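Below are the chains, spelled out letter by letter.
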Amino acid sequence: MGTNGSTMLEPLRQGLPPVDPTAVSGSASCALPARFDAVRGARSFTRSTLSQWDLDNRFDDVSLVVSELVTNALRHALPDEARPSGEPEAAVRLHLMRWSTRLVCAVRDPSEDRPGGSFAPERTDENCDLESGRGLFLVDAYSDSWGWHPLAGRLTGKVVWALFMLQDSRSGA
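Residues numbered from 1 in each chain as written. Predicted model: local features only at pLDDT ≥ 70, side-chain atom pairs only at ≥ 80, totals over all residues. Heavy atoms only, no water.

## Quick look at the pairing of strand β5 (residues 158–165)
With seven of eight residues buried, β5 lies mostly within the body of the structure. As paired strands, strand β3 (residues 102–109) and β5 are joined by eight bridges and run antiparallel to one another. The partner of L103 across the bridge, within β5, is F164. Pairing of strand β4 (residues 145–150) with β5 involves six bridges; the strand directions are antiparallel. Bridging across to β5, G147 finds its partner in W161. (Buried < 20%, exposed > 50% of the residue type's maximum accessible area, 1.4 Å probe, protein only. Helix = DSSP H or I, 4+ residues; strand = E, 2+ residues; numbered from the N terminus. Pairing = 2+ DSSP bridges.)

## Examining the environment of T46
Position of T46 relative to the elements: it lies in helix α2 (residues 38–52). Placed 49 residues apart in sequence, T46 and H95 show a C-alpha to C-alpha distance of 9.4 Å. The contact partners of T46, leaving out residues within four places of it in the chain, are F59, V62, S63, V66, L94 and L96. Engagement of the side chain of T46 in a polar contact is seen with the backbone oxygen of A42, the distance being 2.8 Å. (Contact = heavy atoms within 4.5 Å. Polar contact = N/O pair within 3.5 Å; in protein donor to acceptor, adjacent residues only side chain to side chain.)

## Some thoughts on α2
The end-to-end C-alpha distance of α2 is 21 Å, a good match for the 21 Å that 15 residues give at a rise of 1.5 Å each. Regarding α2, the residues found buried are A38, V39, A42, F45, T46, T49 and L50. The buried residues of α2 occupy one face: seen down the axis, they fall within an arc of 125 degrees. For α2, the exposed residues set more than 90 degrees away from the buried face come down to R40 and Q52. A positive backbone phi angle near 55 degrees is found at D54, which sits one or two residues after α2. (Expected span 1.5 Å × (residues − 1). Arc of directions from axis to C-beta.)

## Side note on the packing of aromatic side chains
Inspection of the entire model under this criterion finds zero aromatic pairs. A cation over an aromatic ring shows up here: R47 above the ring of F59, its NZ or CZ 3.8 Å from the ring centre. (Phe/Tyr/Trp six-rings, centres within 6.5 Å; stacked < 30°, edge-to-face > 60°. Lys NZ or Arg CZ within 6 Å of the ring centre and 35° of its normal.)

## Topic: the environment of S25
Mapping S25 onto the fold places it in the loop between α1 (5–13) and β1 (26–33). Using a relative accessible area of 53% as the deciding quantity, one classes S25 as exposed. C-alpha separation for the pair S25 and L103, spaced 78 residues apart in sequence, amounts to 10.0 Å. With residues near it in sequence (within four places) discarded, S25 still touches R98, W99 and S100.

## With respect to the nonpolar core
L32, V66, L69, V70, L94, C105 and A162 are the most contacted members of the largest nonpolar core, which has 33 residues in total. Of all the elements in the fold, those that place two or more residues in this core are β1, α2, α3 (59–77), β2 (90–98), β3, α4 (135–142), β4 and β5. The dominant element in this core, judged by the number of residues it contributes, is α3, at eight residues. Setting aside its immediate chain neighbours within four residues, L69 contacts C105, V107, V139, V160, W161 and A162. One finds A106, L151, V159 and L163 within the second-largest nonpolar core, a separate group that totals seven residues. (Core = buried A, V, L, I, M, F, W, Y, C linked by side-chain atoms within 4.5 Å.)

Right, here's the structure in full:
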């Protein structure tokens, strides 16, 4: 992927009809502390949200991807000084957004590193056999598309997202 936001978001749009950002049928967000037990909280939040949206059948795949993205953010994107246990400050934020035919989970973290930096959201053949390098292979395998983009304006950090296509119950697709 490239280095500007438009290029990095391109896979989210490729081959898909445009989505009106105001047509989101559901969105939910939760702040996660800089502790690894936050991954359990992210899965619980995902289960509850998908249940409210009648998407329980997608929980396994979405939960696995959420777990990997949150773990990566906590492991690679946070400076060591942001990791003390008991720190109440939210370091990572999980967003879930639903349209009639797609679901996006996005994890925002404070790291300004672009891919290739200390948190490299990119797949490489060298890391597929390592236990700590399989996360993005799983994200790629279980989601329909994924990518990242830096935050703009006064916000610092980046968002790593994964797209899941849904059947539109209204169209019978």
